[in-house]
Amino acid sequence: MRIWVLFLCFIFICANYTLAQVDLDQIVVTKYGQGKNLPINSESSIFKNLENINLDLQSRAPFKDIQADFSLRGSTFEGTGVVFEGISVNDPQTGHFHADLPFTTQDLQSFEKSSLVNGQFYPQALAGAVNFEIKKPQKDSGVITSGLGRYNLVSEALSITKRYSDFGSRLSLETQQTDGYRLATDFRKFVGRIDNSLDLPSAEIKFGAGYLEKEFGAYDFYTPGKGYPSQEWTKTWLVNSSADIDGDGFNFYPAFLWRRHDDKFLLDKTLLRSNYLNHHRTDIYSPQFLTGQKVSWGEWKAGVEAREEVMSSSNLGKHTRNAKSALVNSKIDSLGRFTLEDSLRFDRYSSFGEVVNGSATLSYNLDAKKKIYAGFARSFRPPSFTELYYNDPTTLGDALLGAEKANTYEAGFKLSDKRISLNFCGYVRQEKNLIDWVKRTSSQAKWQAENISSSLVSGAETDLALNINSKTKLGLRYAYANKRFDDQGYLFKYGPNYTRHLAGANFHKEIDNFTYAASLTYKKKPGRDGWVIADVSTDYLLKKNPDLKLYFAVSNIFNVEYQEIEGVPQPGIWPEAGLRLEW
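Residues numbered from 1 in each chain as written. Predicted model: local features only at pLDDT ≥ 70, side-chain atom pairs only at ≥ 80, totals over all residues. Heavy atoms only, no water.

**Q** Would you mind going over the overall build of the protein chain in detail, with residue names and values included?
**A** Scanning the protein chain from terminus to terminus reveals two helices and 32 strands. Taking 25 Å as the expected radius of gyration for a compact globule of 583 residues, we find that the protein chain reaches 24 Å, a close match to that expectation. When its C-alpha atoms are laid out on the principal axes, the protein chain stretches across 70 × 55 × 50 Å. By residue count, 54% of the 583 residues in the protein chain fall in the buried class. Long-range contacts, defined as pairs at least 24 residues apart, comprise 60% of the intrachain contacts of the protein chain with a sequence gap of at least 6. Summing over all exposed atoms, the protein chain offers an accessible surface of approximately 25000 Å²; the carbon and sulfur share of this is 56%. (Helix = DSSP H or I, 4+ residues; strand = E, 2+ residues; numbered from the N terminus. Rg over C-alpha atoms; globule rule 2.2 N^0.38 Å. Buried < 20%, exposed > 50% of the residue type's maximum accessible area, 1.4 Å probe, protein only. Contact = heavy atoms within 4.5 Å. Areas by Shrake-Rupley, 256 points an atom, 1.4 Å probe, with all protein chains shown as cover.)

Shown next as structure tokens:
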């Protein structure tokens, strides 16, 4: 009860303080619900801001950028798709590495959530997806940051953008390290990325390449409660290119993405209890070619895509699988107040055959500011290489696993005008062939990956954004998910680890040379007590042209004890401070 009182008091105080200063002629809509135009409040974390779009981040590491599992609408960490510049980058080894993407806070343009029903349809996403878009190098600029924090945290970043007529280029570098807040929670991280763009009379061409290297303590990351001081090393390479070509009425969109991920995992870095060591390497190759056209009744887009996944592992062995895909989607907006959006996708997998998925959404405009909609989506997720082939002293995969499948039904309401942006929806998702790590009896030696019975997920989401003026913003959000399935007497390794209640509030205010930000996040998982995490930050502008800012931030300001993954404690209060030079 005290948690809810604190949460409601925070919302009440922010709302009253904000609404008392409303100038209705200056209100501008901010899309908190979709992650557009959202201020990035932390110099040290990108993914922390994803919770503003009701995406649940289940982290084992002190900072969510080091290790985090994505969960959307009650899904497992494997069930949320991750998309980079429109192409799926789901890690074929395991969903634990979906967040290993080589870009910095200075490279990110936006992140946007897709429920598959009311948005872009993506493959390999059972419950939905999040798409990351990278900034285009637009003009000469630069950013340098340097900061220190608790537990010997050191953060440094540099980003330089140069524009030469029709050509733009940006180089970004970022490093971060800490001794950790307890045994085997230290980490070191380096990110380097370059992005280029070329504007031609009838085309825009983009090319980018990034590298991410991390070494981090992984205390009980995958053995909750066993007390293993594990250590992990990962390296990620990503190269992407795309073009938008105007073909005199038709537009053409060729694209290509390559992602390599190396992982080395040592179960016990002391080597006292175990010398278990794994090396894994995965590669994704994905070319794509789309074409589209705007016509009198709306617009359409169609094309083909290929994907090859290659695994080489000391534990999982060597494996290759590929998929060839054809897709089409359209938007019909010539039906009066009605709009029909649909997508159809055909995939032929070398591993388990052919699948057809897609979505259809019908919306009705109540007026220029409000609309209601209803939709349906059919989705699937192939098993990861870990689920198929993993074998260690406590865990065993199954090479005969089938793909997970889901049907999602959703209906909702949207409001957007000069004062407010409000989204609300309810949904039901029918899941089949779910994959989980289970035991049939307590005496069974290993956790086994199995396709268990179907489940039914029902829930609702809402988000409210108020952009009061250019210096004051308020965002509120809530997501509820309830997952029901017949456990058939199984024992589950991780249990029902989804978040049933996810609520939050964000407040952003600029006063003279100061910028203030505060956020609250409440989480409640089935069978566990909920918790509230509060973060605050402030910037002070020391001088202009170039801008020199002093920033100070505190995560978990109330020093709450909590565990995103049961058995893996998270850090308490964590202050950090630094300087930011921008021109």
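**Q** Outline the nonpolar core, listing residues and values.
**A** By size, the foremost hydrophobic cluster in this structure holds 26 residues, and its most contacted members are Phe 63, Ile 66, Phe 187, Phe 216 and Phe 221. Those elements that place two or more of their residues in this core are helix 2 (385-389), strand 23 (435-439) and strand 24 (447-451). Formed by 24 residues, the second largest nonpolar core is a distinct cluster that contains Leu 50, Val 82, Phe 132 and Leu 257. (Core = buried A, V, L, I, M, F, W, Y, C linked by side-chain atoms within 4.5 Å.)

**Q** So, the packing of aromatic side chains: which residues are in play, and what are the values?
**A** Working definition: an aromatic ring pair is given by the centre-to-centre distance plus the angle between the planes. Within this structure, the stated rule accounts for 19 aromatic pairs. Site record: aromatic cluster; members linked through ring pairs are Phe 84, Phe 103 and Phe 132. Its end group placed over the ring of Tyr 427, Arg 73 keeps NZ or CZ at 4.3 Å from the ring centre. Above the face of the Trp 447 ring, Lys 439 is positioned so that its terminal group lies 4.6 Å from the ring centre. (Phe/Tyr/Trp six-rings, centres within 6.5 Å; stacked < 30°, edge-to-face > 60°. Lys NZ or Arg CZ within 6 Å of the ring centre and 35° of its normal.)

**Q** Summarise the environment of Ser 384; cite the residues concerned and give the values.
**A** Considering the arrangement of structural elements, one finds Ser 384 in the loop between strand 19 (370-381) and helix 2. Ser 384 gets classed as buried once you look at its relative accessible area, which sits at 3%. In this structure the C-alpha to C-alpha distance between Ser 384 and Pro 92, which are 292 residues apart in sequence, comes to 5.3 Å. If near-sequence neighbours (up to four positions away) are discounted, Ser 384 is found in contact with Glu 78, Pro 92, Gln 93, Thr 94 and Arg 321.

**Q** Break down the pairing of strand 9 (residues 167-178) for me, with residues and values.
**A** Summarising the sheet, strand 8 (residues 153-164) and strand 9 pair through 11 bridges and their orientation is antiparallel. Counterpart to Ser 155 in the pairing with strand 9 is Gln 176. Here strand 8 folds back onto strand 9, and the loop between the two strands holds two residues, one of which, Ser 165, carries a positive phi near 55°. Of the strand pairs in this sheet, strand 9 and strand 10 (residues 187-200) are connected by 12 bridges, and their pairing is antiparallel. Opposite Thr 175, over in strand 10, you have Phe 190 as the bridge partner. (Pairing = 2+ DSSP bridges.)

**Q** Pulling in residues and values, what's your account of the sheet that holds strand 20 (residues 395-396)?
**A** Spatially, four strands are ordered 20-24-23-27 in an open sheet, and the strand pairing comes out mixed. Bordering the open sheet on either side are strand 20 and strand 27 (491-492), each of which pairs with just one other strand. Examined bridge by bridge, strand 23 and strand 27 share two bridges and lie antiparallel to one another. Following the sheet pairing, Lys 439 is matched in strand 27 by Leu 491.

**Q** Residues and numbers for the pattern of salt bridges, please.
**A** Applying the stated criterion across every chain, the model contains 33 salt bridges. Here Asp 91 makes a salt bridge to Arg 259, at a shortest N to O gap of 2.8 Å. With Asp 91 in the loop between strand 4 (87-88) and strand 5 (108-114) and Arg 259 in strand 13 (residues 250-266), this residue pair connects regions lying 168 residues apart in the sequence. Judged on exposure class, the residue Asp 91 and its partner Arg 259 are both buried. One salt bridge connects Asp 140 with Lys 162, and the closest N-O pair in it is separated by 3.5 Å. Residue Asp 140 is found in the loop between strand 6 (128-134) and strand 7 (141-149), and its partner Lys 162 is found in strand 8; the two are separated by 22 residues along the sequence. Of the residues examined, Asp 140 reaches a relative accessible area of 43% and is grouped as partly exposed. By relative accessible area, which is 35% here, Lys 162 ends up partly exposed. Taken together, the shared-partner salt bridges connect Asp 56, Lys 523, Lys 525 and Glu 564 into one network. (Salt bridge = Lys/Arg side-chain N within 4 Å of Asp/Glu carboxyl O.)

**Q** Provide a residue-level description of the confidence of the model for the protein chain, including the pertinent values.
**A** The share of residues in the protein chain with pLDDT of 70 or more is 91%, and the mean pLDDT across the chain is 88. Scored below 50 in pLDDT, residues 1-41 shows 88 contacts in the model against residues more than four places distant or in partner chains. (pLDDT = per-residue confidence, 0-100.)

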